[in-house]
Amino acid sequence: MRYEDVYRRSIEQPEAFWAEAAGAIDWETPPERILDYSNPPFRRWFVGGRTNLCHNAVDRHLAQRGDQPALIAVSTETNEQRSYSYRDVHREVNAFAATLAGLGVEEGDRVVIYMPNIAQAAFAMLACARLGAVHSVVFGGFAAPNLALRIDDARPKVLVCADAGMRAGKVIRYKPLVDRALEACAHPPGAVLVVNRGLDDALELQAGRDHDFDRLRQQHEGVEVPVAWVEASHPSYLLYTSGTTGKPKGVQRETGGYAVALALSMRAVYDIGPGQVMFTTSDVGWVVGHSYIVYGPLIAGATSIIYEGLPTSPDPGIWWRLCAEHGVRTLFSSPTAIRVLKKQDPDHIHRHDLSKLQYVFLAGEPLDEPTARWAGETIGKRIIDNYWQTETGWPVLSLLPGVDLKPSKLGSPGLPNLGYRLKLINEVSGEECAAGEKGVLAIVPPLPPGCLSTVWGDDQRFLSSYFSHFKELLYSSLDWAIRDEDGYYFILGRTDDVINVAGHRLGTREIEESASGCALVAEAAVIGAADETKGQVPVVFALLRQSAGDTDGRQQAAESIRARIVDQLGAVAGPARIYLVEALPKTRSGKLLRRSLQALVEQRDPGDLSTLDDPGALDAVKRALEQGS
Ligand code: ATP
Ligand code: MG
């Protein structure tokens, strides 16, 4: 199969293509129509088809692979490892579904899940899917106000939480955060279901509202809850974007199209079939976790590893050890995590037998060339950059090893995925860009199956956030990109992050790449700061490697950053100021919060910081600004 042929068919004959793809999952009632696009840009795939995510992820596999591991839960925080076969998962999910149903959860009801990255989080999600209830997973450890906001948006009947999570050996008590969130919100759920891991000695349950999961489930042991067959467009879940550019948006996902897109991507993108092992190092609180820890691998009949812990503990070889031990074929992680591992002794990789490992996929943020090169050389496997969004639910740009693996190009997440018709639009003229011309990345609607159906409860925000940027009706989350002669895309950053220096348009990413290519630099962030004469000027924030120690070393580092940028990108890109900082502000999902840096430099209000990971990072930046560059 040639990629070009399969891709062309997915674009030119979408209905035939997706009708065929729909055969990969079970339908209780097959779709009457493949696509209804009578109300653009809203669209419905597989109209009239009735299916269920839990059935496709679990029940469907029982006959053939009931004893095969479905989920292997590893925690290097509690030092536990447990393998659940498909039959085990079926039992656990039924117990969870029966318990939720006992608390009144019915089809269409929302359930907020606030859990660490443990198997019970996946069981809770699958249990909701079984009942046709809509889950909204909130990344564990988010502060009470974030949780309260999401509760008020979803108005759940039940909230599922754990007593606590753990990070770097420290217990993070969840229940007091839940209590605080419930006090603060206008639409608290009637019941809280607590999975008690025994981590919090001071755990308190409020009579009448809070329930111990283990105690309730005893009433439902061995019960099989019938699957709720829902129409393809029935919402499966809500999930919020990372909040990198502003207030997070509540993505609403459909059911049928999502199952079909995941089944297709498991085969075409991740090259994982039944019985093969995938390890996605993300957290169930993010879209990568939803799609490729839980639903994708299970729909494929594969084995999925869910991991609670740091990539560096008990030692920086832990992920590679798990790959060797479980015969992982596809590892899916993020550039941030790889940059952490890059600082470690490569022997932590080499001492493990990675003969089964074929691919390392990385997604979520730009994969800079130095990191990509290091990973390719040191891990010795195909490194595949993956570009997508919470909104899309599955990759937009990737290479497709399961179809036809094309060569990689450093700095590029590759080619359009099946079903995605892309355009690059010139911001000024609104016309489509030619090869080699920078523009805004857009998806030609209708959005393929699996992508968001709307913003939860806010069709208007769906239209204004994604479909109102160009004269043509196009979807865009406003990333800036360029396409080369071979059709490969390069993501240059977000349009918000474009710096306009005296009429020259520079991507923050280009300058960051250049700066982080300096041997002394561990990571760099670049923003455009308002400037009277030039409009904007680049300002660099650099985090140095430990080895850059003393004042002279730091001075030299700043000089070499400047020299390198000017040398590679020209004098226009020359930074107006370079600040050496102790930490960079990031979202909980590990993305640079450039807008907060820009606001500090321009002495403005930084806006919504609810998803900021470590407030201390902003203080570190303030200190650096006070000291001057
Ligand atoms: P918000 O939409 O709330 O501002 P966010 O865009 O960071 O937050 P996510 O859905 O987590 O929310 O991230 C998607 C974005 O991450 C993409 O639009 C893109 O900017 C960036 N991204 C993801 N993968 C890549 C990649 N491989 N290369 C470059 N950028 C990427
Ligand atoms: Mg976004």
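Keep in mind that what you see is a predicted model, and the values were worked out from it rather than measured. (Residues numbered from 1 in each chain as written. Chains lettered and ligands numbered in written order. Predicted model: local features only at pLDDT ≥ 70, side-chain atom pairs only at ≥ 80, totals over all residues. Heavy atoms only, no water.)

As a further point, take the environment of Glu 432. With respect to the secondary-structure elements, Glu 432 resides in the loop between strand 23 (422-425) and strand 24 (439-443). Excluding its chain neighbours within four sequence positions, the residues that come into contact with Glu 432 are Lys 423, Leu 424 and Ile 425. (Helix = DSSP H or I, 4+ residues; strand = E, 2+ residues; numbered from the N terminus. Contact = heavy atoms within 4.5 Å.)

In the vicinity of ligand 1 there are 21 residues, among which Gly 243, Thr 244, Thr 245, Thr 390 and Asp 479 approach most closely. The contact in question runs from a nitrogen atom of ligand 1 to an N or O atom on the side chain of Asp 385, over 2.8 Å. Measuring from an oxygen atom of ligand 1, one finds a side-chain N or O atom of Arg 494 at 2.8 Å. In isolation ligand 1 offers 630 Å² of accessible surface; the protein chains occlude 95% of this area. Broken down by secondary-structure element, the contributors of at least two residues to the shell around ligand 1 are strand 20 (382-386) and strand 27 (489-494). Looking at the shell around ligand 1, its residues break down into 4 nonpolar, 10 polar and 7 charged. (Near = heavy atom within 4 Å. Polar contact = N/O pair within 3.5 Å; in protein donor to acceptor, adjacent residues only side chain to side chain. Areas by Shrake-Rupley, 256 points an atom, 1.4 Å probe, with all protein chains shown as cover. Nonpolar A, V, L, I, M, F, W, Y, C, P; charged D, E, K, R; others polar.)

For the rest of this paragraph, the subject is the packing of helix 13 (residues 335-342) against helix 15 (residues 369-379). One can describe the packing of helix 13 onto helix 15 by two numbers: an axis separation of 10 Å at closest approach and a directional angle of 65°. With respect to helix 15, the element helix 13 is oriented roughly perpendicular. Taken as a pair, helix 13 and helix 15 cross one another with a handedness that is left-handed. In this structure, helix 13 uses Pro 335, Ile 338, Arg 339, Leu 341 and Lys 342 to contact helix 15, whose residues at the interface are Pro 370, Thr 371, Trp 374 and Ala 375. (Axes fitted to C-alpha atoms, helices over the stretch in contact; angles between N-to-C directions. Parallel < 35°, antiparallel > 145°, perpendicular 65-115°, else oblique. Left-handed = near helix turned anticlockwise from the far one by under 90°.)

A separate point is the pairing of strand 28 (residues 498-501). One ladder, built from 4 bridges, connects strand 28 with strand 29 (residues 504-507); its direction is antiparallel. Within the sheet, the bridge partner assigned to Asn 500 lies in strand 29 and is Arg 505. Between strand 28 and strand 29, which pair antiparallel one after the other, the connecting turn spans 2 residues, and Ala 502 there sits at a positive phi close to 45°. (Pairing = 2+ DSSP bridges.)

Moving on, we get to the packing of aromatic side chains. The full count for this structure, using the stated rule, is 32 aromatic pairs. Between Tyr 292 and Phe 332 the ring centres are 6.0 Å apart and the planes differ by 45°, which places this aromatic pair in the tilted class. Here the residue Tyr 292 occupies a position in helix 11 (residues 287-299), and Phe 332 occupies one in strand 18 (residues 330-333), the gap between them amounting to 40 residues. No difference in accessibility class separates Tyr 292 from Phe 332, as the two residues are buried. Lying across the ring of Phe 142, Arg 150 places its NZ or CZ 5.0 Å from the centre. (Phe/Tyr/Trp six-rings, centres within 6.5 Å; stacked < 30°, edge-to-face > 60°. Buried < 20%, exposed > 50% of the residue type's maximum accessible area, 1.4 Å probe, protein only. Lys NZ or Arg CZ within 6 Å of the ring centre and 35° of its normal.)

It is worth spelling out unusual backbone geometry at this point. Residue Pro 41 is reached from Pro 40 by a cis peptide bond, and omega for that bond is 0°. By secondary structure assignment, the location of Pro 41 is in the loop between strand 1 (33-39) and strand 2 (42-47). The linkage connecting Ser 313 with the following residue, Pro 314, adopts the cis geometry, with an omega of 5°. Assignment of secondary structure puts Pro 314 in the loop between strand 17 (303-308) and helix 12 (318-326). For Asp 271, which is not a glycine, the phi torsion comes out positive at approximately 55°.

Right, let's get into the sheet that holds strand 25 (residues 452-455). Taken together, 8 strands build an open sheet; the order of strands is 12-11-8-6-7-14-15-25 and the sheet is mixed. Two strands close off the open sheet at either side, each with one partner strand: strand 12 (210-212) and strand 25. On average, each strand axis in the sheet is inclined to that of its neighbour by 25°, with strand direction left out of account. Pairing of strand 8 (residues 158-162) with strand 11 (residues 191-195), which is carried by 5 bridges, proceeds in the parallel orientation. From the neighbouring strand, Cys 161 faces strand 11, where its bridge partner is Val 194.

In the numbering used here, UniProt assigns the "domain: Acetyl-coenzyme A synthetase N-terminal" (unreviewed entry) feature to residues 3-57. End C-alpha atoms of residues 3-57 are separated by 28 Å, and the span's content is 42% helix alongside 27% strand. (UniProt positions renumbered as here; feature names shortened; annotations may be inferred.)

A packed helix pair is summarised by two numbers, namely the angle formed by the two axes and the spacing between the axes. At a minimum axis separation of 9 Å, helix 10 (residues 256-268) and helix 11 run at an interaxial angle of 85°. Judged by the angle between their axes, helix 10 and helix 11 are roughly perpendicular. On helix 11, the residues that touch Tyr 258, Ala 259, Leu 262, Ala 263, Ser 265 and Met 266 of helix 10 are His 290, Ser 291, Tyr 292, Tyr 295, Gly 296, Pro 297 and Ile 299. Across the contact of helix 10 with helix 11, the residue classes tally to 9 nonpolar, 4 polar and no charged.

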